[in-house]
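Tertiary structure, described
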Amino acid sequence: MTKRVAILISGGGSNMLRLVESMVGDHPARPVLVASNDPEAGGLKRAAEMGIATAAVDHRPFKGDRPAFEAALSAPLEEAAPDILCLAGFMRVLTPGFVARWQGRMLNIHPSLLPKYKGLNTHARALEAGDAEHGCTVHEVTPELDDGPILGQACLAIAPGDTPESLASRVLTLEHRLYPDVLRRFAQGDRSFHQLS
Ligand code: GRF
């Protein structure tokens, strides 16, 4: 049975794009919704151009009332009835209540080799620490931020002269390979860890 995938974004949606592009042919999943907390998110236009249903719920009017924002976001989500939720550059922290609704079928991609560097500014922190390698992680979402079971990782060597910007760009290229790889396996029921070579 083909799995229905909803993707949550906050910006350009480059990860969303790769996920959508991967769900073709014999892939066990198909995209059913792209939703954002920012009505101006560039990824919404890209998704609509690919014929995918979109939804936008601006988080700002809710003034920090996370449950109220999530209740509004849940309306289009429940209507799409996804089997899997992919957070892809989604920049809002989710409440335990929302996570509980989707836990076990909600993925996120984070631009570090978790458990290192949870949270923001991961590239600068890896550089400041003098790490030799860096990368990205796809994990199941649990109530604690950037902490769920790790499903896949991709690594690269930090190069001399790398800046947070150059590192972000190189890691993003890895993300675009890793997330589709993990989603395909996850949609087939495979929750084992894979290192992207
Ligand atoms: C990027 O910084 C990426 O590392 C993280 O989310 C941000 C935006 O990604 N996962 P996208 O282009 O919107 O997918």
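Owing to the predicted nature of the structure, the values given are computational and were not obtained by experimental measurement.

Quick notes on the rules
Residues numbered from 1 in each chain as written. Predicted model: local features only at pLDDT ≥ 70, side-chain atom pairs only at ≥ 80, totals over all residues. Heavy atoms only, no water. Salt bridge = Lys/Arg side-chain N within 4 Å of Asp/Glu carboxyl O. Helix = DSSP H or I, 4+ residues; strand = E, 2+ residues; numbered from the N terminus. Buried < 20%, exposed > 50% of the residue type's maximum accessible area, 1.4 Å probe, protein only. Axes fitted to C-alpha atoms, helices over the stretch in contact; angles between N-to-C directions. Parallel < 35°, antiparallel > 145°, perpendicular 65-115°, else oblique. Left-handed = near helix turned anticlockwise from the far one by under 90°. Contact = heavy atoms within 4.5 Å. Nonpolar A, V, L, I, M, F, W, Y, C, P; charged D, E, K, R; others polar. Domains from an automatic or database assignment. Buried area = accessible area lost by both parts, 1.4 Å probe. Polar contact = N/O pair within 3.5 Å; in protein donor to acceptor, adjacent residues only side chain to side chain.

With respect to the pattern of salt bridges
Summed over all chains, the structure comprises 11 salt bridges. The salt bridge partner of Asp58 is Arg60, with a shortest N-O separation of 2.9 Å. Within this structure, Lys118, Glu144 and Asp147 form a network of salt bridges that share partners.

Some remarks on the environment of Leu33
Inspection of the secondary structure assignment puts Leu33 in strand 2 (residues 29–36). Residue class for Leu33 comes out buried when judged on its relative accessible area of 5%. Note: C-alpha distance between Leu33 and Leu44 (11 residues apart in sequence) is 9.9 Å.

A word on the packing of helix 1 (residues 14–22) against helix 6 (residues 164–187)
One can describe the packing of helix 1 onto helix 6 by two numbers: an axis separation of 9 Å at closest approach and a directional angle of 40 degrees. Taken as axis vectors, helix 1 and helix 6 run oblique relative to one another. The hand of the helix 1/helix 6 crossing is right-handed. Here helix 1 contributes Ser14, Asn15, Arg18, Leu19 and Ser22 to the contact with helix 6, which in turn contributes Leu172, Glu175, His176, Tyr179, Pro180 and Leu183. In terms of residue class, the contact of helix 1 with helix 6 is built from 5 nonpolar, 4 polar and 2 charged.

Here's the deal with the domain arrangement of the protein
How big an interface is tends to be stated in terms of the accessible area lost upon association of its parts. Domain parsing of the protein yields domain 1 (1–102) and domain 2 (108–197). Put simply, the middle of domain 1 and the middle of domain 2, counted by C-alpha atoms, are 20 Å apart. Opposite the 20 residues of domain 1 that make contact, domain 2 presents 17 residues. Approximately 1,600 Å² of surface area, both sides summed, lies buried where domain 1 meets domain 2, with 70% of it carried by carbon and sulfur atoms. Together, Asn15, Leu87 and Val99 form the three largest contributors to the area buried by domain 1 at its contact with domain 2, with a combined 29%. For the salt bridge of Asp26 with Arg184, the shortest nitrogen-to-oxygen distance reads 2.6 Å. Scanning the region where domain 1 abuts domain 2 turns up 4 residue pairs in polar contact (both at pLDDT 80 or more). Within the residue set of the side of domain 1 that touches domain 2, elements represented by two or more residues are strand 1 (3–9), helix 1, strand 4 (84–87) and helix 4 (96–102). Considering each element in turn, the side of domain 1 that touches domain 2 owes the most residues, 5 residues, to helix 1. Considering only residue class, the side of domain 1 that touches domain 2 consists of 13 nonpolar, 4 polar and 3 charged.

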